[in-house]
Amino acid sequence: MIKSPPVSSRETVLLVQDQSEQSARMRAELESVGFGVDVCDTGAIALAFVAEQHPDLILLDMHLPDRSGREILQRLKVDPTLSGIPVILLTGAFREVQDIVGNLKQGADDYLCKPVETGELVARIRNSLRARQTQRELGRMVRLLHTVNQVGNQLTGILDLKNLLDSAVQMINETFAYPYVHVFLRQTNTLVLAAAAGPTAADLLIDSPRLTLDGNTLAAACVRAGRLRMFTPADNGYAPLAQLPDVRSAVAAPLRSAGEITGALEIASPDELAFSSNDSLVLETLADLIGVAVHNSRTYQDMESLATLDPLTGLLNRRTILAQLMAEWARSQRRLRAVALVSIDIDGFKSLNDTHGHMVGDKAMQAVASGIQSTLRREDAAGRLGGDEFLVILPETDQAGAVKAAGRLRDLCHSLVLESDAGAIVPVTISLGVVSYPETRAAEPTDLLRAVDRALYRAKAAGRNQVAE
């Protein structure tokens, strides 16, 4: 978090006055109500003391042996490291109004006429300290909100969900210095840790914790309530992650997108009472920004899926699988590596549709597509070319390897059995054609497509339910 200077539980007052008897009395009065008091009897000593010790407030006599209080005030207010310290002027029993106004214009926070009554002195000091703290908080809030805006601007340009969340927690951790930062995404009735930053992040993400929504974790509580929740050791209610035993304070805010709560942003610290109301406001704002960014990312992914995937089978559509073929062909040319194609067709598909209806035909295609997906390696690609015809691309695979892969797929689909609406048992088989480059001579990827089509035709002509090269 962006921290304001620490406020000591015993606030310090510097009394600048050369009258020892009055100084002793005022010091005793202020110490009796809890202030720490230091005394300087000259302006030069006072300036040196303030530069080194930075007291919380200065009581400054207007008349000192070596220089005037106004001169000291001017010196303090032109120094950016000292100008924020409140100064209360101590004046004689009577001062010209114009003189007092002039000193206030120079930066004095208040003035008191001597002799000073104890109750009024304490009240004026406390009022000036409150005003300074308010100014600090306002300044800190401005800096916080400016940083929030910067974080939001950076997040809007990231559309990949994983990159988005990783960037979000890292930026929050580094920018605000929150020790632990976690983002949970909702999956039905569970919250899954999707991103983390902090000293334990790597270990947490190896086995991402899953939190039940009805559990007593802080993140689950904020999602259930739909509002910010806080935790301190004094609470007997909700707690942050059990994997963080040193946490002594934490805050969680819900992520919202399109009117729904999609997860939670949680920050935690080993320090007790580490978060103020300003931190809560910042966290809620950051959670809203992340929620919108998550929504935008998922919308983009959905649109990308519509543009690249076949809606019936979930495999790549014709345009995308052919583009993938072009890319793999170019890669094989550069690296002088093999690339194989497997063409797949459902046997008797037209008859199946005519006999049992298009719904059974659709189920057959979905079942075959599922079988194809289950046999793919990470580097492989599969798509629907149209109708009941599929294409599989096997990078860095020779002819023998491709034939084995096709054989496994044929065996898998050989056991496929569907049931029609009328209760009829419908067996499903497939025919497969296999070619590999450079075993199959080709100058262009279209040459490989024509070759694999011919291989598929041979499998059908040979009786179907088999693999042909």
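The preceding data block contains the structure.
Cut-off values and rules
- Residues numbered from 1 in each chain as written.
- Predicted model: local features only at pLDDT ≥ 70, side-chain atom pairs only at ≥ 80, totals over all residues.
- Heavy atoms only, no water.
- Pairing = 2+ DSSP bridges.
- Helix = DSSP H or I, 4+ residues; strand = E, 2+ residues; numbered from the N terminus.
- Axes fitted to C-alpha atoms, helices over the stretch in contact; angles between N-to-C directions.
- Contact = heavy atoms within 4.5 Å.
- Parallel < 35°, antiparallel > 145°, perpendicular 65-115°, else oblique.
- Nonpolar A, V, L, I, M, F, W, Y, C, P; charged D, E, K, R; others polar.
- Phe/Tyr/Trp six-rings, centres within 6.5 Å; stacked < 30°, edge-to-face > 60°.
- Buried < 20%, exposed > 50% of the residue type's maximum accessible area, 1.4 Å probe, protein only.

Before going further, it helps to spend a moment on the sheet that holds strand S6 (residues 180-187). One open sheet accounts for six strands, arranged S8-S7-S6-S11-S10-S9; its pairing is antiparallel. If you trace the sheet from one side to the other, it starts and ends with strand S8 (210-212) and strand S9 (229-231), each paired once. Direction aside, neighbouring strands of the sheet carry axes that sit 25° apart on average. Pairing between S6 and strand S7 (residues 190-197): seven bridges, direction antiparallel. Residue Gln187 lies in a different strand from S7, and its bridge partner there is Thr190. Relative to S7, helix H6 (residues 161-176) is tilted by about 60°, and along the sheet it contacts S6, S7 and strand S11 (260-269).

What follows covers the packing of helix H11 (residues 349-356) against helix H12 (residues 358-375). Where H11 meets H12, the closest approach of the two axes is 7 Å, and the angle between their N-to-C directions is 140°. In terms of orientation, H11 and H12 fall into the oblique class. On the side of H11, the interface is formed by Phe349, Leu352, Asn353 and His356, while H12 contributes His358, Val360, Gly361, Ala364 and Met365. Residues of the contact of H11 with H12, tallied by class, amount to five nonpolar, four polar and no charged.

One pass over the full model with this rule turns up two aromatic pairs. Consider the rings of Tyr178 and Phe275, whose centres lie 5.8 Å apart with planes at 70°: the pair is edge-to-face. Taken together, the residues Tyr178 in the loop between H6 and S6 and Phe275 in the loop between S11 and helix H9 (277-308) connect sequence positions 97 residues apart. Phe275 shares its class with Tyr178; the two are buried. Both rings, one in Trp329 and one in Tyr437, keep their centres 4.7 Å apart while their planes meet at 55°; by these two values the pair is tilted. One end of the pair, Trp329, is in helix H10 (residues 318-335); the other, Tyr437, is in strand S17 (residues 430-437), and 108 residues separate them in sequence. Note on accessibility: Trp329 and Tyr437 belong to one class, buried.

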